[in-house]
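Now for the letters of each chain:
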Amino acid sequence: MKPTLTLATALLTLASFASGAASQSLEKLAITPQLVAAAEKEGEVTLQYSSPLVTMQGLIGEFTKAYPKIRVNLDRKAGASGANALMQEMAAGVARVDVFQGSDNAPNKALIDKGAFVAIEPSNVADLDKVALSLAPYLYFPDLNRTVIAYNPKFVTAEEAAKLKDWRGILDPVFKGRISLVEPTFGVTMAPLLYVMNTKHLGAEFLGKLKAQAPNIYVNTAQARQALISGQKPISWGAQWEAVILTQIGRGAPVRFVYPEPAVEWGGTAWGVLKTAPHPNAARLLLAWKLSREGGQAEQGAYSNMRSNITGLPDGRVVFGKVKAETWYAEPKGTWRPDLQDWIANGTRYQEIWAKSVR
């Protein structure tokens, strides 16, 4: 099925809340022999990214197989700190980064307002799911994240795991002292918080009851996964996403997951080309490849296990195929996508409510 949101509609939607961005003409983007030759002449590209290191190394490994004459310099700056660091470099007149990948939409929006990115329309824009166009034409979301509640089956029974499918199921007394949370300061932890704050029977009251469950609170998702795998806190709630848990399963870790009903899904990370890119052709080639079917297929590798926002692309994730054959796995009955304008406008307020209610 083709996406219902055209790029023109995406541009109008973006304009309604990104009026600070500098006006510029829309550049068409396609992988052509001329672009490849120009990119190879530059010979390198610097990518500032937010994804886990192993994921990005695997993905870029596939890019360099296709374009071996181009070296990709990886610079990891996760979460809002990455966008803020780029903002500081821009203010200082430093032009170092070619391509930006960011996971936090309020800082992403701030960069757009500062005119950081080239306005681009990829040649396959009609093949992209509407969530991929949420910040078009400045930033694109090639992949789709989906929230899961992860648990360790050595310490959590199947009957207990079934309770976690209900958003309020985590409040069952049986889970007291057994769960971990992560502070909602970045995309994967913000998305479920947006659902909580936009659902009548949840909200701040639910967060207060969640505190009464005596959770451990971590500053990042990796810490929560370590506690999950060790059994120290065998349930990671509101802090894990499908792809990263599938990757852990593929490595043999004792973890499983359920989708809360509805399952929250959102554009994973936003990608864009900097106006001041020192390697502008290599930057455009990397973005065009990431938005292509080849890039989408590469993201499905065992190092990443991400869903692609390219409509009609078969799901070739080997680990996911094996998981779906397991008796414990169940598809979600419904999904919910955050409103990006709400995320940008109210995200900080939701974080403050979380902090007052849960800490």
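Residues numbered from 1 in each chain as written. Predicted model: local features only at pLDDT ≥ 70, side-chain atom pairs only at ≥ 80, totals over all residues. Heavy atoms only, no water.

(A) The arrangement of the overall build of the chain in detail. The helix and strand tally for the chain stands at 14 helices and 14 strands. In terms of C-alpha radius of gyration, the chain reaches 20 Å, essentially the compact-globule figure of 21 Å for 359 residues. Its C-alpha atoms give the chain principal-axis dimensions of about 60 × 40 × 40 Å. Taking all 359 residues of the chain together, 58% fall into the buried category. Accessible surface computed for the chain: about 14,700 Å², of which carbon and sulfur atoms make up 53%. (Helix = DSSP H or I, 4+ residues; strand = E, 2+ residues; numbered from the N terminus. Rg over C-alpha atoms; globule rule 2.2 N^0.38 Å. Buried < 20%, exposed > 50% of the residue type's maximum accessible area, 1.4 Å probe, protein only. Areas by Shrake-Rupley, 256 points an atom, 1.4 Å probe, with all protein chains shown as cover.)

(B) How the structure looks around the sheet that holds strand β4 (residues 99-102). Strand order in the open sheet made by the four strands is β3-β2-β4-β12, with mixed pairing throughout. The open sheet terminates on both sides in strands that have one partner only, identified here as β3 (71-76) and β12 (270-273). Across the sheet, the axes of successive neighbouring strands diverge by a mean angle of 20 degrees, strand direction being ignored. Of the pairings in the sheet, the one linking strand β2 (residues 44-49) to β4 comprises two bridges and is parallel in character. Each residue of the ladder has a partner; that of Leu-47, found in β4, is Val-99. (Pairing = 2+ DSSP bridges. Axes fitted to C-alpha atoms, helices over the stretch in contact; angles between N-to-C directions.)

(C) Fine view of the pattern of salt bridges. Scanning all chains against the criterion turns up 20 salt bridges. Lys-109 is the salt-bridge partner of Asp-113, the closest N and O atoms lying 2.6 Å from each other. With Asp-113 and Lys-109 both in helix α5 (residues 105-113), this residue pair falls four residues apart, about one helical turn. Among the residues examined, Lys-109 registers a relative accessible area of 12% and is labelled buried. Linking Lys-163 and Asp-172 is a salt bridge whose minimum nitrogen-to-oxygen distance equals 3.1 Å. Taken together, the shared-partner salt bridges in this structure form one network comprising Asp-75, Lys-77, Glu-89 and Arg-96. (Salt bridge = Lys/Arg side-chain N within 4 Å of Asp/Glu carboxyl O.)

(D) Highlighting the packing of aromatic side chains. Under the criterion given, the structure shown has 13 aromatic pairs. When the centroid spacing of 5.2 Å and the interplanar angle of 45 degrees are considered together, the rings of Phe-63 and Tyr-67 count as tilted. For the pair Phe-63 and Tyr-67, a shared accessibility class is recorded, and that class is buried. Both rings, one in Tyr-259 and one in Tyr-329, keep their centres 6.0 Å apart while their planes meet at 80 degrees; by these two values the pair is edge-to-face. One end of the pair, Tyr-259, is in the loop between β10 (256-258) and β11 (263-267); the other, Tyr-329, is in the loop between α13 (318-324) and β14 (335-336), and 70 residues separate them in sequence. Exposure remark for Tyr-259: the relative accessible area of 3% places this residue in the buried category. Linked through ring pairs, Trp-167, Tyr-195, Phe-206, Trp-237 and Trp-336 together constitute an aromatic cluster. (Phe/Tyr/Trp six-rings, centres within 6.5 Å; stacked < 30°, edge-to-face > 60°.)

(E) Region of interest: the pairing of strand β7 (residues 179-182). Burial along β7 is two-sided: the residues Ile-179 and Leu-181 and Ser-180 and Val-182 are all buried. Bridging between β7 and strand β9 (residues 235-241) involves two bridges; their strand directions are parallel. By the bridge assignment for β9, Ser-180 is matched with Ser-236. As paired strands, β7 and strand β8 (residues 216-218) are joined by three bridges and run parallel to one another. Across the sheet, the residue bridging to Leu-181 is Ile-217, located in β8.

(F) Spatial organisation of empty space enclosed by the protein. Overall, the coordinates contain three cavities of 30 Å³ or more when judged by the stated rule. Roughly 110 Å³ of internal volume is contained in the largest cavity. Residue lining of the largest cavity: Leu-181, Val-182, Pro-184, Thr-189, Pro-192, Leu-193, Val-196, Leu-207, Leu-210, Trp-237, Gly-238 and Trp-354, and that is the complete set. Contributions of two or more residues to the lining of the largest cavity are made by β7, α7 (187-197), α8 (203-211) and β9. With four residues, the single largest contributor to the lining of the largest cavity is α7. The class makeup of the residues in the lining of the largest cavity is ten nonpolar, two polar and no charged. Of the volumes computed, that of the second largest cavity is approximately 40 Å³. Considering the residues around the second largest cavity, the lining is formed by Leu-86, Glu-89, Met-90, Val-94, Ala-95, Arg-96, Val-97, Leu-274 and Thr-276. Along the lines of polarity and charge, the residues of the lining of the second largest cavity split into six nonpolar, one polar and two charged. (1 Å grid on protein atoms, 1.4 Å probe; cavity = no way out; pocket = protein on both sides within 12 Å on 5 of 7 lines; lining within 4 Å. Points joined across faces, edges and corners; volume = space filled by probe spheres on them. Nonpolar A, V, L, I, M, F, W, Y, C, P; charged D, E, K, R; others polar.)

(G) The layout of surface pockets, seen in detail. Of the voids in this model, the largest pocket is the one considered here, and its volume is about 740 Å³. If you go around the largest pocket, you meet 38 residues; those closest to its centre are Ser-50, Ser-51, Pro-52, Arg-76 and Trp-241. The set of elements that each furnish at least two residues to the lining of the largest pocket consists of α3 (53-66), α4 (79-91), β6 (143-151), α7, α9 (221-230) and α10 (242-250). With five residues, α3 is the single largest residue contributor to the lining of the largest pocket. For the lining of the largest pocket, the per-class residue count stands at 17 nonpolar, 16 polar and five charged.

(H) Molecular detail of the pairing of β4. The alternating pattern of β4 places Val-99 and Gln-101 and Phe-100 and Gly-102 on opposite faces, both of which are buried. Both β4 and β12 contribute to a ladder of four bridges, which runs antiparallel. Note on β12: the bridge partner recorded for Val-99 is Val-273.

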